[in-house]
Amino acid sequence: MEATHSSEDWSQAHIQVNDQLNHLLHGMRDYGYNPSLHISYDKEEHHLQVDPVVISKHSDLKRIYLEYLEACKARDAAVHRIQSLPKLDLGFSDPSEV
């Protein structure tokens with residue numbers, strides 16, 4: 001896989017994450033929730049978590065949240081593909097070796 005394809009995959013996945021997050025936040029506001037009171041960040045999984053009570057009350061928010069999680073997984077997979085690409089030597093030498 002070429003580096004440009006991996007980068008494009010990551011870009012598309014990141015756009016999907018942002019789009020789904022935007023839909024989720026707007027949906028929560030439409031129901032009268034303040035997202036900052038019902039969302040937390042999962043440092044281990046690197047995505048947002050929504051209050052389970054909110055998700056259980058609104059099937060459309062649950063669907064959007066699950067789509068957001070899938071987009072996060074796709075973005076993470078793209079990052080791993082990029083990180084596994086061979087590193088390029090750009091010709092810079094370490095100043096301590098000169």
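Just so it is clear, the model here is predicted, and its values are computed rather than measured.

Asks: Explain the overall build of the chain to me, please; I cannot follow it from the model alone.
Replies: Tallying secondary structure elements over the chain gives four helices and two strands in all. The order of α-helices and β-strands along the chain, N terminus first, is α-α-β-β-α-α. Looking at the chain as a whole, 29% of its 98 residues are labelled buried. Considering only intrachain contacts with a sequence separation of at least 6, the fraction spanning at least 24 residues in the chain is 56%. Counting only carbon and sulfur atoms, one obtains 55% of the accessible surface of the chain, whose full area is about 7200 Å².

Asks: What am I meant to see in the side chain of Asp42 here?
Replies: The topology assignment puts Asp42 in strand β1 (residues 39–42). Here Asp42 is buried and forms no salt bridge, its nearest opposite-charge partner Lys43 lying at an N-O distance of 9.4 Å. Among residues more than four places away in sequence, those in contact with Asp42 are His47 and Gln49.

Asks: Can you walk me through the pairing of strand β2 (residues 47–50) in this structure?
Replies: Within a regular strand, the side chains alternate between the two sheet faces. Across four bridges, the pairing between β1 and β2 is antiparallel. Bridge pairing links Ile39 to Val50 in β2. Here β1 folds back onto β2, and the loop between the two strands holds four residues, one of which, His46, carries a positive phi near 60 degrees.

Asks: Before we go on, may I ask you to explain the pattern of salt bridges in this structure?
Replies: In this structure the tally under the stated criterion is four salt bridges. With a closest N to O distance of 3.7 Å, Arg81 and Asp9 form a salt bridge. Highlighted residues: Arg81 in helix α4 (residues 59–84) and Asp9 in helix α1 (residues 3–30), separated in sequence by 72 residues. On the basis of relative accessibility, which here comes to 32%, the residue Arg81 falls in the partly exposed class.

Asks: Quick question: what am I supposed to make of the nonpolar core here?
Replies: As a rule of thumb, soluble globular proteins bury nonpolar side chains together. Grouped together as the largest cluster of nonpolar side chains are 17 residues, with contacts concentrated most on Leu24, Met28, Val50, Val54, Leu61, Tyr65 and Tyr68. Sorting the residues of this core by element identifies α1, β2, α3 (52–57) and α4 as the ones contributing at least two each. The leading source of residues in this core is α4, at seven residues. Once you skip the residues sitting within four places of it in the chain, Val50 turns out to touch Leu24, Met28, His38, Ile39, Ile55 and Tyr65.

Asks: Would you mind showing me how to read the packing of aromatic side chains here?
Replies: Evaluated as defined, the whole model comprises one aromatic pair. The interplanar angle of 25 degrees and the centroid separation of 6.1 Å between the aromatic rings of Tyr65 and Tyr68 together place this pair among those described as stacked. In this pair, Tyr65 and Tyr68 both sit in helix α4, three residues apart, roughly one turn of the helix. Comparing Tyr65 with Tyr68 shows no difference in burial state: the two are buried.

Asks: Explain the environment of Ile15 to me, please; I cannot follow it from the model alone.
Replies: Counting through the fold element by element, Ile15 comes out in helix α1. Residue Ile15 is classed as partly exposed on the basis of its relative accessible area of 43%. Separated by 60 residues in sequence, Ile15 and Arg75 place their C-alpha atoms 9.2 Å apart.

Cut-off values and rules
- Residues numbered from 1 in each chain as written.
- Predicted model: local features only at pLDDT ≥ 70, side-chain atom pairs only at ≥ 80, totals over all residues.
- Heavy atoms only, no water.
- Helix = DSSP H or I, 4+ residues; strand = E, 2+ residues; numbered from the N terminus.
- Buried < 20%, exposed > 50% of the residue type's maximum accessible area, 1.4 Å probe, protein only.
- Contact = heavy atoms within 4.5 Å.
- Areas by Shrake-Rupley, 256 points an atom, 1.4 Å probe, with all protein chains shown as cover.
- Lys, Arg positive; Asp, Glu negative; His and termini not counted.
- Salt bridge = Lys/Arg side-chain N within 4 Å of Asp/Glu carboxyl O.
- Pairing = 2+ DSSP bridges.
- Core = buried A, V, L, I, M, F, W, Y, C linked by side-chain atoms within 4.5 Å.
- Phe/Tyr/Trp six-rings, centres within 6.5 Å; stacked < 30°, edge-to-face > 60°.

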